[in-house]
Each structure stands twice: as structure tokens, then as C-alpha cells.
Amino acid sequence: MELLSGADMLIRSLQDEGIEYIYGYPGGAALHIYDALFRQDKVKHILVRHEQAAVHMADGYARATGKPGTVLVTSGPGATNTITGIATAFMDSIPMVVLCGQVASHLIGEDAFQETDMIGVSRPVVKHNLSVRHPEEIPEVIRKAYYIAATGRPGPVVVDIPKDMTTPNERYEYSYPKKVKLRSYNPAIRGHAGQIKKAVDMLLAAKRPVIYAGGGVILGKASNQLTELTRMLGYPLTNTLMGIGCYPASDKQHLGWLGMHGTYEANMAMHHSDLILCVGARFDDRVTNATEKFCPGARIIHIDIDPASISKTVEADVPIVGPVDAVLKEMLALVKESKDKPDADALASWWKQIDEWRAFHGMRYETSPDVIKPQEVIELLCKLTNGEAFVTSDVGQHQMFAAQYYKFDKPNRWINSGGLGTMGFGLPAAMGVKLTHPDDEVLCITGEGSIQMNIQELSTCKQYNLPVKIINLNNQALGMVKQWQDMNYESRHSQSYMESLPDFIKLAEAYGHVGVRIEKKEDLESKLKEVLAMKDKLVFVDIYVDRFEHVYPMQVARGSMKDMWLSKTERV
Amino acid sequence: MRRIISVLLENEPGALSRVVGLFSQRNYNIETLTVAPTEDETLSRLTVTTTGSDKVIEQITKQLNKLIEVVKLVDLTEGAHIERELMLVKLKATGSQRAEIKRTVDIFRGQIVDVTSSVYTVQLAGDSDKLDGFIQAVGTSGVLEVVRTGVSGIARGEKVLSL
Ligand SMILES: Cc1ncc(C[n+]2csc(CCOP(=O)(O)OP(=O)(O)O)c2C)c(N)n1
Ligand SMILES: [Mg+2]
């Protein structure tokens, strides 16, 4: 057997795990590991400019590829800087392993230089965390970390590695375990057959059914099964913000997404339905609005890999715990062989009703002859990229416009921080995507507030040549905050203006990139075309959009799903 | 409703803090908590008493089960079970109080385990209500110090919580 130091074992374990990229930032407690990294070339390291960005990069990579991302940082401030990124991944169930240096074991507890209890600090925002107590454990700990991160309901796993676990001249026998078994961790591999049968019977008997699909469909790689089942039944489908792309947006059975800023037809259909088939979604408060008024006439079937997501906020009538792909496959088989068919008359009148709702609002917005509307920027981008780009976003109005007006037909292409709502996510996430999808268009749709939360990464983009396109919908305000202040605080704009904005064009140029400003509506299309033609350049596109625009529809606070503002003056 | 949840936990550093953290993080109550090794040295047994609606209790058990180090758990209050708590109480005991306390201790089947000229230390085991009852009976004015272990419990009959 081979003898390796702890640091070499760690890097070898990553190689044996098939890890292509790690994102990170060095420091004292991680230096043995960085030295081991230097002496090999299989695992490539991307040096970011802030550890938070390393985590979002790993996250973007994971969301686009479906594989776990990997981060490496030092102890203390390096580790604590990752927390927002880890919490972001945790809320959206993104598989990831974060390797943190730690002070040497004999110093732990002594308030040593750069000592932070990372196991304690990260505990509430990780799926699990592990610390290495002996160098020989490293291969097994690493195998366990990836296994836990990527199976069941995925999530981030932190590994804390005291410096003396990686000492260069202490060598141990290395072998990478093929499998790990944890007696206390056994994610479900299929759903309960009886429950599935019951669900199918209910589904076929429904008069006003809606399929409500979430990010779990994308994480569970079940888009094909979902699409097939939905088409076979002919039922309307809506998805969550996290589920965008799980079902083709251009399909006529797709109602758009639901919830706070969902479409009129999706929210109306949910409210009036008699049966909801929830697949891999979690009845989040941004979806349900007031739970006591939620969909009063609906019975609920809920499929989820995580039993704790079922009946957490809204009671399920038929809970099914299992991987969504396996469960949907069984449902499909049952629907096919069943002699019962969906009630054609009921379905026809249900669709007639839904089409009326669709025609009533239809995501209309007012245009103006001279001011650029943020919605039209997104519609244009969708057209110019044939709806095929990877789109990451930050958090705010621009995020909602991007999700509403870019039509995604495929999963894994819409990448945003849905659960935590982390400003600063967009650019590093886009970088993580671009690195592994160099030939695809990668757009980061952002706002002048959000982009400044991780703007230092323009430097990383230069170093690794990551030609993403940054689309800054510049409304010169923390727009979403301002919208809430307009609606709930009589337009008292407390701290929601962005005064003294930097010159983003010069800033992009200072980092060695191209900057393009768009102020006039007549320039919009031609300039965007020019930008997209610059394939090998990072372009920062600073677009001056309507400063007074609001995102609609918007659910009325504490109302039911159907209570919405449709514009500044119309409330239904 | 009050529940007694009994958990088999991997006997590893940090496992307990995860359980305790879960309760505070998700705003669940902990009334008592006990934890000790079992006959299997790789496992600890933890007993927690909590209160909440059925919905909250269901979430508590599901969330506990999600913790990687939780091997198995049971809500003892779902079936017939035995519940015990141990209490040590220091009582002011002078003059006529001494005989009075002795009688009350006997009624509650406790023992006086330490004596000074002015203080009795009493040991008492039973369910939580019985311990509360004893304190009430002797009157809080004479109580100098109380220490309780928190509840342990086990199912009645053949049912066992094991791997
Ligand atoms: C890190 C972080 N801090 C604060 C917030 C609260 N917040 C949500 S949207 C928003 C405004 C974002 O402004 P901008 O990026 O310019 O986007 P816009 O809404 O103007 O499109 C703020 C401050 C947040 N989501 N994340
Ligand atoms: Mg803005």
C-alpha cells in the first residue's frame, strides 16, 4: 500500500472522488493542503477573491451539472466567510463539500490565532459536518462527506481539518473506500407502493387538478418523468421559482411559476383546484401565502425525498416519501395500465377556465417610448439567446423579471438563490457555470446593488478567462426594497437609494474587461447583439432601466393564493 | 401535549449539540433532557421531554430522524411506558420539622440520604408529577436546594428500542 501524508491523502481522495475543480483561498491552517495541491495537476484549483464567492462558484457548478461542488478554505476568517454561501446552498438543497482548515488539535479551545469553532458555527446551515481526528481517517471522511452531500435530500457538508492532520512528513497507508455505510443514514430509494396507487386513483378522479413541481424535480433529475406524466394526463403544471426548467416553459400545459410573484393563472388555478400533485416542492411561505387560506378545496398528494418537508406547513392527504424520479416512474406505469382515464369533460372545462385566466393578465406590462423597461431587456435576451442560455441571478426585482420573462425549456439553466435570497450570488455562480460550460452562453442578470456584493470576482474572471455576460439592470435603487416601501410604507424610501454608484464601465475596464452602457431604448437591441457577439470577452452591460417599475403580479400579504396586485392600481 | 421522546444516538463528539441545536433553531421546547451511555458503547441514549401540538411533535421526530447521528427514536408517550426521574432535595430540618419531613418522605417512598443538625437531604424517584407533589407537600419555604435528573423512560412490555 501507498504511504501518503494527510494532505496528500486529502488531494488523492478528491481525485479518486472524481473532483475536477475546487474553489478556494489559502491561509495558514490550509497550507499543507495547498502544498499537496501544488504537487499534482488533476484537481484544478480556482483562486477567488473572497471565500463567499468560492462557495457560490461551487454552488453554481453544482446547480448546472448536478454534481457536488467543492470548496477549500483556511480556518477562522476563511471559514466564517463561507457561511453565507453554505447557508445559500443549504436552503436550496445543493450538494457541496466545504473543506476548512483548522488550527492544530492541541491548540483547539485555546483561542488560538485564527481559531473558530467551524463545526459549531456551521451546524445550523449544513446537512452534516465532520471533523478529522486522525490523518488515517481522511479518505473515509471525504468519501462520507460526498456521499452525504449528494444522496437523499442533497446539501452542504463541512469538513474541519486541524493542521496537524495534514503534516507533510507523517505518512499513512492510503486506500480510498469504494463505499461507505452509515447505519443511521438510509435515504429512501422508492416510494410506498400502496400510497402511489392511492395517489394515482385520486389523480385520475380529479376534476380540477394542478401539478405543482419544485426544485426537487431538478435535483432528483426527474424532468423527463414529470414531463411524460404531465403530458399523458393533460393536466396543467406550475412550478416554483426553484423548479424553473423542470418542465418546458414554452409548452401550453405550463402555467408559469406560482407564488408571490407567480403568474395570475398559476395562482388562480392553484386556489381553485380540487387536487394538487406536489412533486419535490415544500409549500414555502413565498408560495402558499397565508397557509390557513391556502387552496381551500384541494386535496394534496406530496412526493418528497425528505419526510420532514411533508406536512410541515400544509397538511398532505397522501404523503409519499421517496426519490421523485422513481416515484413518478411508478405513477406513469400505473396511469398507463389503469382502465380509468382522466375525466375529459371536467378537464376541458377546467382548461377553458384556465385559458380565460391566462388571457386576462398574460404577464402584460406597460411599455414606454423612451424608457427601457427591465421586462423588455429580459424578453430580448431570451430571444437573442434562443432561450438556451444559462442564467444566474442575484436578488431583487431583476431576479423576478429574469425568472418571469426568460422562458426556460430545460432544467439546470435557471440558477438563483431562491431559499435564502442571497445578494452577491449571481456573479460567482455564473463563473462556476462558465468554467464547465465554456461554449454555452452564461448570463448573470443582476442589479447595481447586488453586483457590488461580490464585484471583486471580476478579477478572478480575468485570471481564469471566464467570459460571462453581466447584465446589470440598473434602476439606481435597491429596487425590491423600494417597491415594498412604495406599497407598505407610503413611499418612504429609507436607505433604498444607491447614491454615488461607481462608473461600472470604467470599473469593468480596470479589471481588464469590456464595459457597455445602454441608456437609450433605440440602442437596446443592437447593443445587446454586439455584446453577445463578443464571445471570448467578459462584458459588463450597464443598462439604465425604468427606476419606478414594480414587479407584478404580487400576492397581497397574508391573503390567499388568489389575492394579487396585478399592477400599481389593480387588485384582485 | 407533553411527550417523551427517546433517542439512540451515535456516541460521538458533537452529536448532542446537534440535537440541542435543533430544538433551539426550530423553536421547539425542551422541558428535560437526559443523556448517558448504553450497554452498547457506540451508542448513547437521550431522552427529551417536550410539549407541542401533534403537528409540532411530528416535525420534531422527523427533524431528529434527519440528523445523521440519530440512529433510532421512539415517542414513548404513544404507548404504555414507564417514566422515572430522580430528585435530590435539601430541606431545612430543625425541631418539629424533622419528624414531619421524615413522615412525608416515607409517604412518598423517598430516603433521607444525608443528615446534619439543621438539614436533611432527601432522595426521591418517580414520575415528574410525584416529584412535584413532594415539593408541594413539604412546602417551598423549607426547600434549600433541588436537583432533578430529568426524565428517563422505557416502553412497557416486549417493546424495546435497540438496533
Ligand atoms: C445579502 C442581502 N442583503 C439584503 C437583502 C435584502 N434585499 C433584497 S432585494 C434588495 C435590493 C436589491 O437591489 P438590486 O440588486 O439593485 O436589485 P433591484 O431590486 O434593484 O433589481 C435587498 C437589499 C438580500 N436579499 N441579501
Ligand atoms: Mg437596483
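All values reported here derive from a predicted model rather than from experimental measurement.

Caption draft 1: Molecular detail of the domain arrangement of chain A. All names here are of chain A. Domain annotation for chain A reports domain 1 (3-173), domain 2 (193-361) and domain 3 (374-551). With centres defined by C-alpha atoms, the gap from domain 1 to domain 2 works out at 38 Å. With eight residues of domain 1 in contact, the opposing surface of domain 2 contributes seven residues. Between domain 1 and domain 2, roughly 630 Å² of surface is buried when both sides are summed, and carbon and sulfur atoms account for 59% of that area. When the area that domain 1 buries against domain 2 is broken down by residue, the three leading residues are Met91, Asp92 and Arg153, summing to 57%. Applying the counting criterion to the domain 1 and domain 2 interface returns one salt bridge. A salt bridge links Arg153 to Asp306; the shortest N-O distance between them is 2.7 Å. There are three residue pairs in polar contact (both at pLDDT 80 or more) connecting domain 1 and domain 2. Residues of the side of domain 1 that touches domain 2, tallied by class, amount to two nonpolar, three polar and three charged.

Caption draft 2: Structural detail: the UniProt feature "domain: Thiamine pyrophosphate enzyme central" (unreviewed entry) in chain A. Cross-referencing UniProt, the feature "domain: Thiamine pyrophosphate enzyme central" (unreviewed entry) maps to residues 196-330 of chain A in the present numbering. Secondary structure over residues 196-330 of chain A splits into 34% helix and 20% strand, and the C-alpha atoms at its two ends are 7 Å apart.

Caption draft 3: Just the packing of helix α8 (residues 193-205) of chain A against helix α13 (residues 324-337) of chain A, in detail. All names here are of chain A. Between α8 and α13, the shortest axis-to-axis distance is 10 Å and the interhelical angle comes to 55°. Looking at the two axes, α8 sits oblique to α13. Here the hand of the crossing between α8 and α13 comes out right-handed. When α8 is examined against α13, the residues Ile196, Lys197, Ala199, Val200, Leu203 and Leu204 are found in contact with a partner set consisting of Val327, Glu330, Met331, Leu334 and Val335. In the contact of α8 with α13, the residues fall into nine nonpolar, no polar and two charged.

Caption draft 4: Fine view of the coordination of the magnesium ion (ligand 2). All names here are of chain A. Distances from the magnesium ion (ligand 2) to its protein donors, Glu448 (OE), Glu448 (OE), Asn475 (OD1) and Ala477 (O), fall at 2.1 to 2.6 Å. Note that the magnesium ion (ligand 2) binds six donor atoms; their angles at the metal cover 51 to 178°, and the shape is irregular. Each donor residue of the magnesium ion (ligand 2) belongs to the same chain, and together they define the spacing E-x26-N-x1-A. Remark: Ala477 occurs in the loop between β18 (469-474) and α19 (479-488) and Glu448 occurs in the loop between β17 (442-446) and α18 (458-464); sequence separation between them is 29 residues. A single burial state applies to Glu448 and to Ala477, both of which are buried.

Caption draft 5: Looking closely at the packing of aromatic side chains. All names here are of chain A. Tallying each qualifying case throughout the model produces 12 aromatic pairs over all chains. Taking 5.1 Å as the distance between ring centres and 50° as the angle between the ring planes, the aromatic pair formed by Tyr264 and Phe360 counts as tilted. Here the residue Tyr264 occupies a position in helix α11 (residues 264-272), and Phe360 occupies one in helix α14 (residues 344-361), the gap between them amounting to 96 residues. For Tyr264, a relative accessible area of 7% puts it in the buried group. Accessibility expressed as a relative area gives 40% for Phe360, which makes it partly exposed. Between Phe504 and Phe540 the ring centres are 5.1 Å apart and the planes differ by 10°, which places this aromatic pair in the stacked class. Residue Phe504 is located in helix α20 (residues 504-510), and its partner Phe540 is located in strand β20 (residues 539-544); the two are separated by 36 residues in the primary sequence. Of the two residues examined, Phe504 and Phe540, each falls in the buried class. Three or more aromatic residues link up through ring pairs in this structure, and these residues are Tyr212, Phe283 and Phe294. Above the face of the Tyr21 ring, Lys44 is positioned so that its terminal group lies 5.5 Å from the ring centre.

Reading guide: rules and limits
Residues numbered from 1 in each chain as written. Chains lettered and ligands numbered in written order. Predicted model: local features only at pLDDT ≥ 70, side-chain atom pairs only at ≥ 80, totals over all residues. Heavy atoms only, no water. Domains from an automatic or database assignment. Contact = heavy atoms within 4.5 Å. Buried area = accessible area lost by both parts, 1.4 Å probe. Salt bridge = Lys/Arg side-chain N within 4 Å of Asp/Glu carboxyl O. Polar contact = N/O pair within 3.5 Å; in protein donor to acceptor, adjacent residues only side chain to side chain. Nonpolar A, V, L, I, M, F, W, Y, C, P; charged D, E, K, R; others polar. UniProt positions renumbered as here; feature names shortened; annotations may be inferred. Helix = DSSP H or I, 4+ residues; strand = E, 2+ residues; numbered from the N terminus. Axes fitted to C-alpha atoms, helices over the stretch in contact; angles between N-to-C directions. Parallel < 35°, antiparallel > 145°, perpendicular 65-115°, else oblique. Left-handed = near helix turned anticlockwise from the far one by under 90°. Donors = N, O, S within 2.8 Å, 3.2 Å for Na, K, Ca; no water. Tetrahedral: all angles 85-135°; square planar, octahedral: opposite > 155°, others 65-115°. Buried < 20%, exposed > 50% of the residue type's maximum accessible area, 1.4 Å probe, protein only. Phe/Tyr/Trp six-rings, centres within 6.5 Å; stacked < 30°, edge-to-face > 60°. Lys NZ or Arg CZ within 6 Å of the ring centre and 35° of its normal.

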